[in-house]
Amino acid sequence: IGQYLGQDLQFPDPANGAVGASVVLAPDNPPLSTSILIAQWSFTSTLIIALMSGVPTESPAYKGRASVDSNTLALTLLDLRKNDSGIYKLSVTTTAGEILTGETSLQVIAKIYNVTLIGPEETLIEGESSANITSEGTGIINSVQWMKDSSPLSPSNSIIFSPDFRSVSISPVRRSDSGEYQCTYSNPDSSETATYSLIINYGPDDVSIKGPDVVDLGIRVSLSCSANSEPSASFRWTFNGTDTNVTTDTFTIDETDFTDTGDYNCTAWNSVTNRSTSQTHVLVVKAIDSGGGLSTGAIVGIVIGVLAAVAGICGLTVYLIKTKKIPKINQQQKEQASGGILDFQTRGGDSQDGAILENMSERNVNQAEINDDLYVNQGVSNRPRAATPPPGEQFHNIKIHFRCHMCALATYQNKSFSFCPALADTEEIIWFFYFIA
């Protein structure tokens, strides 16, 4: 069925063509060529070409662009132009005097094609290089649009477009300029887009090391190094300034030792930019906490507390004597005191104040020395005896000399520790108390 029903000559659906291309318009039911006297193709009111007795004649306006087939009456138009769009009419006069007519339409599309982008061939380095991207294409170009990563590309201090908008210059390039650039040529009838990937080399920078700062003894530890870099950086590790021969981004210690404590330095290097940056991580390996017993600090604190308590008891004893809650010694005891030592011992039960003063003769002193020797033989310590204190200021010819032996024995993690306050490299402390008798 023809395009225009009721007409003598029928055509298929409307024809389409592109600017610069060619198109053929032909009727579906042409008359026999032997019966054709005159055939004419016209566009609106303008004659395109006429065929008389098989001989074609072109209109000056279509010279070299139009031709007709004498058998099929098909019209060929070359080098289509946008204004070739419209209605085309064919009129045939037969030898019998009959006039046959038919019409068809043509839509000429301004097609755009062969759009390409040409970019820099050299390696681009951030802060050092410049880039120029130029577009090319065929067809009627009414507009040019630039995009980067699917977002509009706008001019800035570093991005400058040419006056015809067909090229863009970036100087200097930055890492943010990396990406896919798109350039679209368009007109009312068609459009075409070309793409170009721009790669900016940069870094390394922002080097960081991830990993623990303090670890237990005998465990596996990994330190991970990273950096911002294009292309990806290579890595080198040093430990306390010594090269480890590790060139991966991860440094692994299979089983930690105290000698693994120190500075771990990671250096990232970019082979394209020829730049490098380093970062240091301090790792400390500590002894495993058993979770039981007291720490050394706690033990020392307890010992100091015990010593303070003993000193307090000695002070209380002096206070009781001065306040006469313990009976004074008689004159005979005073005289004996000049050649001996008054040994104060606390007892519970016999004295109403819980304490007595006992005169120690030379025999008592010797016995005390024997007792000290026995104390040494029992394996507590081999302690030198403290020297007899020098004479001090006496009140009522009375001087009391108290000797206190104080050592603390503690056990921690199956080891024994003795804590004895030292005086003149001995494990013995002597308190002297002078008071008015």
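Residues numbered from 1 in each chain as written. Predicted model: local features only at pLDDT ≥ 70, side-chain atom pairs only at ≥ 80, totals over all residues. Heavy atoms only, no water.

As recorded by an unreviewed UniProt entry, the protein chain carries the name Carcinoembryonic antigen-related cell adhesion molecule 20 and is attributed to Anabarilius grahami.

### Comments concerning the environment of Tyr-264
Considering the arrangement of structural elements, one finds Tyr-264 in strand 24 (residues 262-270). For Tyr-264, a relative accessible area of 2% translates into the label buried. Sequence separation between Tyr-264 and Thr-238 is 26 residues, and the spatial gap between their C-alpha atoms is 5.9 Å. Not counting the four nearest positions on each side in its chain, Tyr-264 is found in contact with Ile-209, Leu-223, Trp-237, Thr-238, Phe-239, Phe-251, Ile-253, Gln-279, Thr-280, His-281 and Leu-283. At 2.7 Å, the side chain of Tyr-264 forms a polar contact with the backbone oxygen of Asp-260. (Helix = DSSP H or I, 4+ residues; strand = E, 2+ residues; numbered from the N terminus. Buried < 20%, exposed > 50% of the residue type's maximum accessible area, 1.4 Å probe, protein only. Contact = heavy atoms within 4.5 Å. Polar contact = N/O pair within 3.5 Å; in protein donor to acceptor, adjacent residues only side chain to side chain.)

### Thoughts on the pattern of salt bridges
In total, this model carries 8 salt bridges according to the counting rule given. Where Glu-128 meets Arg-275, a salt bridge forms, and the shortest distance between an N and an O atom there is 3.1 Å. With Glu-128 in the loop between strand 10 (113-118) and strand 11 (131-138) and Arg-275 in strand 25 (residues 275-286), the pair connects residues that are 147 residues apart, well separated along the chain. Across the salt bridge formed by Arg-220 and Asp-254, the nearest N and O atoms sit 2.7 Å from each other. (Salt bridge = Lys/Arg side-chain N within 4 Å of Asp/Glu carboxyl O.)

### Some points on a nonpolar patch on the surface
Taken together, Val-214, Val-282 and Val-284 make up a surface patch of nonpolar side chains, about 220 Å² in accessible area. Within the fold, Val-282 resides in strand 25. With a relative accessible area of 46%, Val-282 lands in the partly exposed category. (Patch = residues over 30% accessible without salt bridge, like charges linked within 9 Å, V, L, I, M, F, W, Y side chains within 5 Å. Areas by Shrake-Rupley, 256 points an atom, 1.4 Å probe, with all protein chains shown as cover.)

### Observations regarding the nonpolar core
Of all hydrophobic cores here, the largest spans 25 residues; its most connected members are Trp-41, Ile-48, Leu-75, Leu-77, Tyr-88, Val-92 and Leu-106. Broken down by secondary-structure element, the contributors of at least two residues to this core are strand 2 (23-25), strand 3 (36-43), strand 4 (46-52), strand 6 (66-68), strand 7 (75-77), strand 8 (86-94) and strand 9 (99-109). Looking at which element gives the most residues to this core, the answer is strand 3, with 4 residues. Among residues more than four places away in sequence, those in contact with Leu-106 are Ala-15, Asn-16, Gly-17, Val-23, Leu-77, Leu-80, Asp-84, Ser-85, Gly-86 and Tyr-88. If you look at the next biggest cluster of nonpolar residues, it comprises 22 residues, including Leu-124, Val-144, Phe-161 and Tyr-181. (Core = buried A, V, L, I, M, F, W, Y, C linked by side-chain atoms within 4.5 Å.)

### Some thoughts on the side chain of Ser-162
Looking at the secondary structure, you find Ser-162 in the loop between strand 14 (159-161) and strand 15 (167-170). You can call Ser-162 buried: its relative accessible area is 16%.

### Brief notes about the state of the cysteines
This model, assessed by the stated rule, comprises 1 disulfide. A sulfur-sulfur separation of 2.0 Å characterises the disulfide bridge that pairs Cys-225 with Cys-266. Around the S-S axis, the bridge from Cys-225 to Cys-266 shows a dihedral of about -95 degrees and counts as left-handed. Of the two residues, Cys-225 sits in strand 20 (residues 221-230) while Cys-266 sits in strand 24, which places them 41 residues apart along the sequence. A residue is classified by how much of its surface remains accessible, and Cys-225, at 2% relative accessible area, is buried. Here Cys-266 falls in the buried class, since its relative accessible area comes to 0%. (Disulfide = S-S within 2.5 Å.)

### Digging into the confidence of the model for the protein chain
Averaged over all residues, the pLDDT of the protein chain is 77; the fraction at 70 or higher stands at 67%. Low pLDDT (under 50) marks residues 1-6, which in the prediction has 15 contacts with non-local residues, meaning those over four places away or in another chain. Long-range and interchain partners of residues 331-437, a stretch whose pLDDT sits below 50, account for 139 contacts in this model, where long-range means more than four residues apart. (pLDDT = per-residue confidence, 0-100.)

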